[in-house]
Amino acid sequence: MEERRQQPRKKLTTRLLWHVVAVSVCILLGTLVVTFWQTYPSAKQEVVERIQREVATKLETNQFQLKAIENRGELLSDEFLTRYQALRYVPKLQTYFYDWFEETSPGVWRLKESFFAGDKVDDHYFKGMSMFVGPRPTPLDDELRARLVISVRTLNDLGPAWEGQVTNSHLSLPENALALYSREQAWGRLAAADLVMTDFSTLKSTLQSENPERTPNWTGLYKDHSGGYWTITYQRPVDLNGKHLVNASFDVSLAQLTRDLSRTVDRDIDNYVLNKAGALITSSTLSGALSEQRNTLTPQNYDDPLYQKIAARLLANHATIRQEVWDDIDDDYLVLVQHLGTPDWWYFSVYPKELITSEALSLPMIIAAIGSLLVLGVLLTMIIFVRQQVSLPLRRLASLAALIDEKNYDAIEKQSESEVRSYGEINQVLNAFRVMARRFMRTNAELEQRVAERTHELKQANRKLDELVHIDGLTGLLNRRAFQTDVANAIAKADGNCYFVMADIDDFKPFNDNYGHEAGDRALMAFAKAFRELPDSRAYRYGGEEFVLLLQADSLAQARERLDELRKAIHNLGIEHHFGRRLHGILTVSFGVTRIHANELPSELIKRADKQMYSVKQQGGDAVAFDVED
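Numbering of residues starts from 1 in every chain and runs along the sequence as written. Owing to the predicted nature of the model, reporting of local features is limited to residues with pLDDT of at least 70; listing and counting of side-chain atom pairs is limited to 80 or more, with chain, interface and lining totals taken over all residues. Based on all heavy atoms of the structure, the side-chain values leave hydrogens and waters out of the count.

Quick notes on the overall build of the protein chain
Short version of the rule: Think of it this way: any DSSP run of H or I at least four residues long counts as a helix, any run of E at least two long counts as a strand, and we number them from the N terminus. Only protein chains enter the accessibility calculation, which uses a 1.4 Å probe. A residue is then buried if its area is under 20% of the maximum for its type, exposed if over 50%, and partly exposed in between. By the convention used here, residues are in contact when the closest approach between their heavy atoms is within 4.5 Å. Shrake-Rupley sampling with a 1.4 Å probe provides the accessible areas, and residues are treated as covered by the protein chains on show and by no other component.
Along the backbone of the protein chain there are 17 helices and 21 strands. Looking at the protein chain as a whole, 45% of its 630 residues are labelled buried. In the protein chain, 64% of the contacts between residues at least 6 apart in sequence involve partners at least 24 apart. Per element, the accessible surface of the protein chain, about 33100 Å² overall, is 52% carbon and sulfur.

Right under this line is the structure:
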């Protein structure tokens, strides 16, 4: 008892202190928020300018390197075209083909292994060369064989000049062939025999059907399964008199891209490089668990949420995007966009917003430390004041508060005025307690009388409410709640003469859509009236345009007769409906009927009737189907 009487005093004496703390903290937080919002924009601008300077420096060097690759592609294509025009009709090229190539499987030709390891042929030394001539719809002819030989000779002569500057150099043919120069790997010897390169986006993008403008292009990032590395490819189509001869092309591996384009001074910055088709060129976020797609990485096959957001906005606005700051594309990141002139790519720097917030919070944190010391000083002063000026007077009132909690109003009235005579304000509170006690005693007697009266009224209202709960508000039929109770009773008392009927209005949705929901409601009420008038039955609205019946009949024939009468009564309503799949011109109902068996589950009963009803609907509706026979 003594402990309970001390609780109010403890709460009241500390409440003032908590109010002081709350006010002080609110003032301090307000100051922090104002300071933060003043410093955040400048911190953000500093980050943006710093990243833009870094990106500009990096991209200037990178664009020079990529432009150099494009120039090499032009040189390789011009050299091939010059040799092709001069040598394509030389008969010795046919002999070279059969001397240099071997058919490793039906229809698949590869350059011999010696051309990669090192071999001297007719005073010309070959090394690092491989070529794959895969399946194709047409057989090899003299022109194609000549083109293959010229491709090998041209690439062998020019490829060594670019070794180390690109991952590898190659000449690809639209007839599913590719000659490759590389001292590291004989790709042409490793390619799968059934590989059809034109089925994939890299070589496919150079075909005349896919690239009618005949423009050179950089692919997105893709996996070269034969070589076992991730790469992008620069391709330059070479045509003569409208015929697609070859593509001068170079690979730049993911490792080289990451070194040249993805590296960043700030380790907290991630980046993405995309082309105008939204394909991923490279990213600092790429992991070892990359997709095994043979095509380029796109939002459809590379599941990186931030990349997908960036690609979606780029595809929608790439014509106008040059240098921008995207603050709204993701809640956690600030994205800086820089367009690369050569090639037509976009560089995205991704910076965590939390780091900007940390920088912006440096000054508010200093203010917070000073403010906390001030709040602590105020609290110490208030504690001393509360103990001396508040706690002692409240001890008396705490005991009175405990008496109220115990509803001991008589004791409150008997409290001596002299006990708190020295505290004028508390004396007023004590007098108020006495008045309140007298009122409580009088009110309690009145309240008990009212509770008894209200309890009686509530019982009557509950009975009425229980009836309303089981009635459908629109149709006046029993609702699904009543059905669940009644069907359980019907199953428990099943004697073979009770039938369960499920009914559904035919094509009711197009009726609602075309005549309106008010017309639909009127139709439901009219049908409900017809269901209620069926003898020896209880009708329920099961849901939407579905109704169910519990029908008593001496025989199956009698049940069938009564339901046919119900169906005719619905016909006689003549509710016009010219938008259904059926030709009646009026709104009709389909019925499914089953006999109720003892001890079965309601779900089994409903399933049988529902099956019959839907068989009626599949046959045109407006009929009655039974799952039992006489």
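Observations regarding the sheet that holds strand β12 (residues 270–275)
The test is simple: Any two strands between which DSSP finds at least two bridges are classified as paired. Between N-to-C directions, angles cover 0 to 180 degrees, with each direction set by a line fitted to C-alpha atoms, over the stretch in contact for helices.
Strand order in the open sheet formed by five strands is β13-β12-β16-β15-β14, with antiparallel pairing between adjacent strands. Two strands close off the open sheet at either side, each with one partner strand: β13 (280–283) and β14 (323–326). With strand direction ignored, the average angle separating the axes of adjacent strands in the sheet is 15 degrees. In this sheet, strand β16 (residues 345–352) lies alongside strand β15 (residues 333–340) in antiparallel orientation, the contact comprising eight bridges. Bridged to Q338 within β16 is Y347. Strands β12, β13, β14, β15 and β16 of the sheet are contacted by helix α8 (residues 305–317), whose axis makes an angle of about 40 degrees with β12.

Describing a negative patch on the surface
Short version of the rule: Surface patches are drawn from residues lacking salt bridges whose relative accessible area is over 30%; two like charges belong together within 9 Å, two nonpolar side chains (Val, Leu, Ile, Met, Phe, Trp, Tyr) within 5 Å. We define a salt bridge as a side-chain nitrogen of Lys or Arg found within 4 Å of a carboxyl oxygen belonging to Asp or Glu. Residues scored as charged are limited to Lys and Arg (positive) and Asp and Glu (negative), so that His and the chain ends carry no count. All charge positions are set by atom: Lys at NZ, Arg at CZ, Asp at CG, Glu at CD.
Taken together, the side chains of D268, D331, D332 and E354 make up a negatively charged region of the molecular surface. Topologically, D331 is positioned in the loop between β14 and β15.

Quick notes on the nonpolar core
Note the threshold: In this text, buried Ala, Val, Leu, Ile, Met, Phe, Trp, Tyr and Cys residues form a nonpolar core when linked through side-chain atoms within 4.5 Å.
Core analysis: the largest hydrophobic core is formed by 82 residues, its most contacted members being W100, F101, M131, L148, I310 and F348. Residues within four places of F348 in sequence aside, it is in contact with D270, N271, Y272, L274, I310, L314, W326, V335, L336 and V337.

Quick look at the sheet that holds strand β18 (residues 537–543)
Read across the open sheet, the five strands follow the order β18-β19-β17-β20-β21; overall the sheet is mixed. The outermost strands of the open sheet, each flanked by one partner alone, are β18 and β21 (624–626). Averaged over neighbouring strand pairs, the angle between their axes works out to 20 degrees when direction is ignored. Sheet topology note: the β18/strand β19 (residues 546–552) ladder contains six bridges and is antiparallel. By the bridge assignment for β19, R538 is matched with L550.

So, the packing of helix α14 (residues 508–515) against helix α15 (residues 517–532)
Short version of the rule: Comment on the angle field: the value is read as roughly parallel under 35 degrees, roughly antiparallel over 145, roughly perpendicular from 65 to 115, and oblique elsewhere. Each residue gets one of three labels, nonpolar for Ala, Val, Leu, Ile, Met, Phe, Trp, Tyr, Cys and Pro, charged for Asp, Glu, Lys and Arg, and polar for the others, Gly among them.
One way to put it is that α14 packs onto α15 with a least axis distance of 6 Å and a crossing angle of 130 degrees. On the basis of their axis angle, the class for α14 and α15 is oblique. Counting all contacts with α14, which are made through F508, F511, N512 and Y515, the residues of α15 involved are H517, A519, G520, A523 and L524. When the residues that make up the contact of α14 with α15 are grouped by side-chain class, the tally is six nonpolar, three polar and no charged.

Considerations on the packing of helix α13 (residues 480–492) against helix α17 (residues 602–618)
Between α13 and α17, the least distance of the axes is 10 Å, while the angle of their chain directions is 100 degrees. The angle between α13 and α17 falls in the class roughly perpendicular. In this structure, α13 contributes F483, V487 and I491 to the contact, and α17 contributes P602, L605 and I606. A breakdown of the residues in the contact of α13 with α17 according to their chemical character gives six nonpolar, no polar and no charged.

Observations concerning unusual backbone geometry
A positive phi angle, close to 65 degrees, is found at D123, a residue other than glycine. Looking at the element boundaries, D123 is found in the loop between β3 (119–121) and β4 (124–126). D123 sits in the exposed class, given a relative accessible area of 73%. Not every positive phi belongs to a glycine, and N176 is a case in point at roughly 65 degrees. Within the secondary structure layout, N176 lies in the loop between β6 (168–173) and β7 (177–181). Overall, N176 belongs to the buried group, its relative accessible area being 2%.

A look at the environment of P352
Here P352 shows up in strand β16. Its relative accessible area of 14% is what places P352 among the buried residues. Residues P352 and D332 lie 20 residues apart in sequence; the distance between their C-alpha atoms is 6.0 Å. In contact with P352, other than residues within four places in its own chain, are D268, D332 and Y333.

What about the environment of L158?
In this structure, L158 sits in helix α4 (residues 142–158). Here the alpha-carbon distance between L158 and L76, two residues 82 residues apart in the chain, equals 7.3 Å. Ignoring sequence-local partners within four residues, the contact set of L158 consists of L75, L76, E79 and R83.

Section: α17
Here is the rule: What a helix should span is 1.5 Å times the count of its residues minus one. An arc is given here, and it is the one of the directions from the helix axis to the C-beta atoms.
Look at α17: 24 Å from first C-alpha to last across 17 residues, which is about the 24 Å you get at 1.5 Å a residue. Among all positions in α17, only L605, I606, A609, Q612, M613, V616 and K617 are buried. Buried positions in α17, seen along its axis, are confined to an arc of 145 degrees and lie on one side of it. In this structure, α17 carries K607, K611 and Q618 as exposed residues pointing more than 90 degrees from its buried face.

Points about the packing of aromatic side chains
Selection rule: Stacked, tilted and edge-to-face pairs are distinguished by plane angle, under 30 degrees for stacked and over 60 for edge-to-face with tilted covering the rest, among Phe, Tyr and Trp rings (Trp via its six-membered ring) whose centres lie within 6.5 Å. A ring is considered to have a charge above it if a Lys NZ or an Arg CZ atom is located within 6 Å of its centre and within 35 degrees of its normal.
For the structure on display, the rule yields 24 aromatic pairs. For the ring pair F115 and F126, a centre distance of 4.9 Å and an interplane angle of 55 degrees mean the geometry is tilted. With F115 in helix α3 (residues 114–117) and F126 in strand β4, this pair connects stretches of sequence that are eleven residues apart. Per residue, the accessibility class of F115 equals that of F126, and both read buried. The side chain of R480 reaches across the aromatic face of Y542, ending 4.0 Å from its centre.

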